[in-house]
Amino acid sequence: MQLSVLDQSPISRGATSRIALKQTVRLAKITEELGYTRFWVAEHHNTNGLASSSPEVLLSHIASHTKSIRVGSGGILLPQYSPYKVAENFQTLEALFPGRVDLGVGRSPGGSPVTRLALTDGNIRSLNEFPRQLRDLQGFVNGSLPKDHPYYQVRPTPITEEKPEMWLLGISHRGARLAAEIGTAFTYGHFISPADGQRASELYFSSFRPSVSLKEPKMNVCIFVICADSQEEAERLAMSQDRWLLNVEKGLDTKIPSIEEAENATMNESDREKILHNRKRAIVGTPEKVKQELELLQEIYQTDEFMIITNVHDFDAKVHSYELLAETLLK
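Being a predicted model, the structure only gives us computed values, none of them experimental.

Focus on the packing of helix 1 (residues 17–34) against helix 2 (residues 55–64)
Logical step 1: Relative to each other, helix 1 and helix 2 sit at 45°, their axes nearing to 9 Å. Here helix 1 lies oblique to helix 2, going by the angle between them. The handedness of the crossing between helix 1 and helix 2 comes out as right-handed. Where helix 1 approaches helix 2, its residues Leu21, Thr24, Val25 and Ala28 are matched on the opposing element by Leu58, His61 and Ile62.
Logical step 2: In the contact of helix 1 with helix 2, the residues fall into five nonpolar, two polar and no charged.

What follows is the structure, given as structure tokens:
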């Protein structure tokens, strides 16, 4: 089994965005030493709880402070941008850090309608354009635009010998179908929508078409994991993530609450049911329990790579969770 990391640069209550970004870089260095395969950062806008709004900039900094771990985006919000400009950003990263760059893209609008308008400078863009944009991005990155394409003669620079590895992020079978049709690697967001995962995986592998980007299907699965030395401690740590997810869904403050804050928060029956439902998106437990559940998911998804996301208040506990996973699964 391979393990990778998705980090959203979460801001814990009492901390700052600067601290969160420094912790992201520190986590990348630690997980590289532990043997993790890749380290991806997210893109979120107009939120006070997540500091990663510019993955290209953050990736360059992370890659400069690491040596071998693959770095990538999880993912660029392509509907808001020019495929040509995204290609140039990532070919610049590839030129600087050859053989280490993953270009992960998603269809998410990136926030509220007004946030999206700010990202597009007031230009209204349809999310239905995403498949066309993805094909254009693939064509720019790999120099494979058809001759009748209006931008056929436009070449993204710098020109690199190796190309960024393209990944499509999805949370449904529709995303899996698109990744298979275009021939890119595919990341399934179990941490967002676990219900459609098996269907998405089966569709991706059965429908995959080789392309200039990728000859054989490649898939990983992203999931919340909180691992601790005891089940009791893991459950205790998970309280901050449970409450954070609940706050996000309610449109409340999105900083990661402390365990004490989570313990003292008033909850009704609906909140408790929602937290229980959200636990389907996560694995919480000892190294042995996490290993068992990941191995079950490995059979369901037919993949050997899991991308781990851990959003708890205490950074040292977060690091220890990744350490325990490495000791148990990356021996």
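Considerations on helix 8 (residues 231–250)
Logical step 1: Here helix 8 contains 20 residues, and its C-alpha end-to-end distance of 28 Å stays within 8% of the 28 Å for a straight helix at 1.5 Å per residue.
Logical step 2: Of all bends in helix 8, the biggest is about 30°, found at alanine 238.
Logical step 3: Among all positions in helix 8, only Ala234, Leu237, Ala238, Ser240, Gln241, Asp242, Arg243, Trp244, Leu245, Leu246 and Asn247 are buried.
Logical step 4: Looking at the buried side of helix 8, the elements it contacts are strand 8 (219–227), helix 9 (259–264), helix 10 (269–278), strand 9 (282–285) and helix 12 (315–329).

Focus: the environment of histidine 65
Logical step 1: Positionally, histidine 65 belongs in the loop between helix 2 and strand 3 (70–73).
Logical step 2: A residue is classified by how much of its surface remains accessible, and histidine 65, at 37% relative accessible area, is partly exposed.
Logical step 3: When the C-alpha atoms of histidine 65 and serine 144 are compared, they prove to be 33 Å apart, with 79 residues separating the residues in sequence.
Logical step 4: Other than its neighbours up to four places away in sequence, histidine 65 contacts Val25 and Lys29.
Logical step 5: A polar contact of 2.9 Å, which involves the side chain of histidine 65, links it to the backbone oxygen of histidine 61.

With respect to the pattern of salt bridges
Logical step 1: Here the structure, examined in full by the defined rule, presents 18 salt bridges.
Logical step 2: Here arginine 26 and aspartate 316 are joined by a salt bridge, their closest N and O atoms 3.9 Å apart. In this pair, arginine 26 sits in helix 1 while aspartate 316 sits in helix 12, placing the two residues 290 residues apart along the sequence.
Logical step 3: Of the residues examined, arginine 26 reaches a relative accessible area of 43% and is grouped as partly exposed.
Logical step 4: The salt bridge partner of lysine 218 is glutamate 165, with a shortest N-O separation of 3.1 Å. Of the two residues, lysine 218 sits in the loop between helix 7 (197–207) and strand 8 while glutamate 165 sits in strand 6 (residues 165–170), which places them 53 residues apart along the sequence.

Let's talk about the side chain of glutamine 241
Logical step 1: Structurally, the position occupied by glutamine 241 is in helix 8.
Logical step 2: Apart from the residues within four sequence positions on either side, glutamine 241 is in contact with Phe224, Ile226, Ala282, Thr310 and Asn311.

What about helix 5 (residues 130–142)?
The α-helix advances 3.6 residues per turn, and as a result positions three or four apart in sequence lie on the same side.
Logical step 1: The first and last C-alpha atoms of helix 5 sit 18 Å apart over 13 residues, in line with the 18 Å expected at 1.5 Å per residue.
Logical step 2: Counting buried positions along helix 5 yields 10 of 13 residues, so the element is predominantly enclosed.
Logical step 3: For helix 5, the complete set of buried residues consists of Phe130, Gln133, Leu134, Asp136, Leu137, Gln138, Gly139, Phe140, Val141 and Asn142.
Logical step 4: Next to the buried residues of helix 5 lie helix 3 (83–96), strand 5 (101–106), strand 6 and helix 6 (173–182).
Logical step 5: Note on helix 5: the residue one or two positions beyond its end, glycine 143, has a positive phi of about 65°.

Examining unusual backbone geometry
Logical step 1: Backbone torsion omega between glycine 74 and glycine 75 reads -5°, so that peptide bond is classified as cis.
Logical step 2: With respect to the secondary-structure elements, glycine 75 resides in the loop between strand 3 and strand 4 (76–77).
Logical step 3: Here the residue pair threonine 157 and proline 158 is connected by a cis peptide bond, since its omega of 5° sits within 30 degrees of zero.
Logical step 4: You can see proline 158 is positioned in the loop between helix 5 and strand 6.
Logical step 5: Even without a glycine there, the phi angle at asparagine 46 is positive, about 55°.

Side note on the pairing of strand 3
Logical step 1: Judged by which residues are buried, strand 3 turns out to be covered on both faces: Arg70 and Gly72 on one side and Val71 and Ser73 on the other are all buried.
Logical step 2: Examined bridge by bridge, strand 2 (residues 38–41) and strand 3 share four bridges and lie parallel to one another. Note on strand 3: the bridge partner recorded for valine 41 is serine 73.
Logical step 3: A crossover connection joins strand 2 to the parallel strand 3 through helix 2; in handedness this β-α-β unit is right-handed.

Some thoughts on the nonpolar core
Logical step 1: Leu103, Val105, Leu137, Tyr204 and Leu325 are the most contacted members of the largest nonpolar core, which totals 77 residues.
Logical step 2: If we skip the residues at most four places from it in the chain, leucine 325 touches Leu3, Tyr36, Val225, Cys227, Val290, Ile308 and Leu330.
Logical step 3: The next biggest cluster of nonpolar side chains, apart from the first, holds nine residues, and it includes Ala234, Leu237, Ala238 and Val312.

What about a positive patch on the surface?
Logical step 1: On the surface, a cluster of positive charge is contributed by Arg107, Arg174, Arg177 and Arg199.
Logical step 2: Tracing the backbone through its elements, the reader meets arginine 107 in the loop between strand 5 and helix 4 (113–119).
Logical step 3: Given the relative accessible area of 40%, arginine 107 is considered partly exposed.

Calculation notes
Residues numbered from 1 in each chain as written. Predicted model: local features only at pLDDT ≥ 70, side-chain atom pairs only at ≥ 80, totals over all residues. Heavy atoms only, no water. Axes fitted to C-alpha atoms, helices over the stretch in contact; angles between N-to-C directions. Helix = DSSP H or I, 4+ residues; strand = E, 2+ residues; numbered from the N terminus. Parallel < 35°, antiparallel > 145°, perpendicular 65-115°, else oblique. Left-handed = near helix turned anticlockwise from the far one by under 90°. Contact = heavy atoms within 4.5 Å. Nonpolar A, V, L, I, M, F, W, Y, C, P; charged D, E, K, R; others polar. Expected span 1.5 Å × (residues − 1). Bend = angle between axes of the 7 residues up to and from the residue. Buried < 20%, exposed > 50% of the residue type's maximum accessible area, 1.4 Å probe, protein only. Polar contact = N/O pair within 3.5 Å; in protein donor to acceptor, adjacent residues only side chain to side chain. Salt bridge = Lys/Arg side-chain N within 4 Å of Asp/Glu carboxyl O. Pairing = 2+ DSSP bridges. Right-handed = clockwise from strand over helix to strand, strands pointing away. Core = buried A, V, L, I, M, F, W, Y, C linked by side-chain atoms within 4.5 Å. Patch = residues over 30% accessible without salt bridge, like charges linked within 9 Å, V, L, I, M, F, W, Y side chains within 5 Å. Areas by Shrake-Rupley, 256 points an atom, 1.4 Å probe, with all protein chains shown as cover. Lys, Arg positive; Asp, Glu negative; His and termini not counted. Charge placed at Lys NZ, Arg CZ, Asp CG, Glu CD.

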